[in-house]
Amino acid sequence: MGLVKMQKSLQDYTKSLFLEGILDSQFLQLQQLQDESNPDFVSQVVTLFFQDSDRILNDLSLSLDQQVVDFKKVDPHVHQLKGSSSSIGAQRVKNACVVFRNFCEQQNIEACHRWLQQVKQEYYLVKNRLETLFKLEQQIVASGGMIVAFEPGF
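Remember, predicted model here, so these are calculated numbers, not experimental data. (Residues numbered from 1 in each chain as written. Predicted model: local features only at pLDDT ≥ 70, side-chain atom pairs only at ≥ 80, totals over all residues. Heavy atoms only, no water.)

## Comments concerning the UniProt feature "modified residue: Phosphohistidine" (unreviewed entry) in the chain
Working step 1: Per the UniProt entry, the sites bearing "modified residue: Phosphohistidine" (unreviewed entry) are H79 in this numbering.
Working step 2: Secondary-structure assignment places H79 in helix α4 (residues 71–88). (UniProt positions renumbered as here; feature names shortened; annotations may be inferred. Helix = DSSP H or I, 4+ residues; strand = E, 2+ residues; numbered from the N terminus.)

Right, here's the structure in full:
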């Protein structure tokens, strides 16, 4: 695939992430912090998000599987995941965390289990899609091209 086609594919793919509500404008702000002195800034921040999120989701699963659920321990994990997903622009993960947290406040164990699964589903979706985005960017750079900043013009 030619360089121009790859760049067009990247633009179209990035646009789809916004149109589907997977990402929001916070991701664009994160991209604006990346420059020549730190060309991998976004992927590094997102990789840290993935590592933290995997740990938090595991902790949440363990907490909710206890005989007696301590919601005072569950809530901070959900709050942290909501904040970190918001900071990278993972809009659907953040939104799912808001609902999940409401059920934690109500101490509704069945709903918490359902929404933990929903949060996981949204998380794995954004993880997969961002990994694909970064691979497209790497292919463009490896072909000698530059990453053109995405301009949302929906």
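The discussion continues.
## Let's talk about the side chain of T14
Working step 1: For T14, the location among the structural elements is in helix α1 (residues 3–19).
Working step 2: If near-sequence neighbours (up to four positions away) are discounted, T14 is found in contact with L133 and F150. (Contact = heavy atoms within 4.5 Å.)

## With respect to the packing of aromatic side chains
Working step 1: Going through the model one piece at a time under the given rule, you end up with four aromatic pairs.
Working step 2: When the centroid spacing of 6.2 Å and the interplanar angle of 75° are considered together, the rings of F50 and Y123 count as edge-to-face. With F50 in helix α3 (residues 41–64) and Y123 in helix α6 (residues 109–142), this pair connects stretches of sequence that are 73 residues apart.
Working step 3: One aromatic cluster is present, formed by F49, F50, Y123 and Y124 through successive ring pairs.
Working step 4: Looking at K127, its charged tip hangs above the ring of F50, at a distance of 5.5 Å from the centre. (Phe/Tyr/Trp six-rings, centres within 6.5 Å; stacked < 30°, edge-to-face > 60°. Lys NZ or Arg CZ within 6 Å of the ring centre and 35° of its normal.)

## Remarks on the pattern of salt bridges
Working step 1: The full count for this structure, using the stated rule, is six salt bridges.
Working step 2: Residues E20 and R129 are paired through a salt bridge, measuring 2.9 Å at the closest nitrogen-oxygen approach. On the criterion of sequence distance, the pair formed by E20 in the loop between α1 and α2 (25–32) and R129 in helix α6 is long-range, its members being 109 residues apart.
Working step 3: Residue class for E20 comes out partly exposed when judged on its relative accessible area of 38%.
Working step 4: As a salt-bridge pair, R55 and D59 come within 3.6 Å of each other at their nearest N and O atoms. Here the residue R55 and the residue D59 both occupy positions in helix α3, the gap between them amounting to four residues, near one helical turn.
Working step 5: For R55, a relative accessible area of 37% translates into the label partly exposed. (Salt bridge = Lys/Arg side-chain N within 4 Å of Asp/Glu carboxyl O. Buried < 20%, exposed > 50% of the residue type's maximum accessible area, 1.4 Å probe, protein only.)

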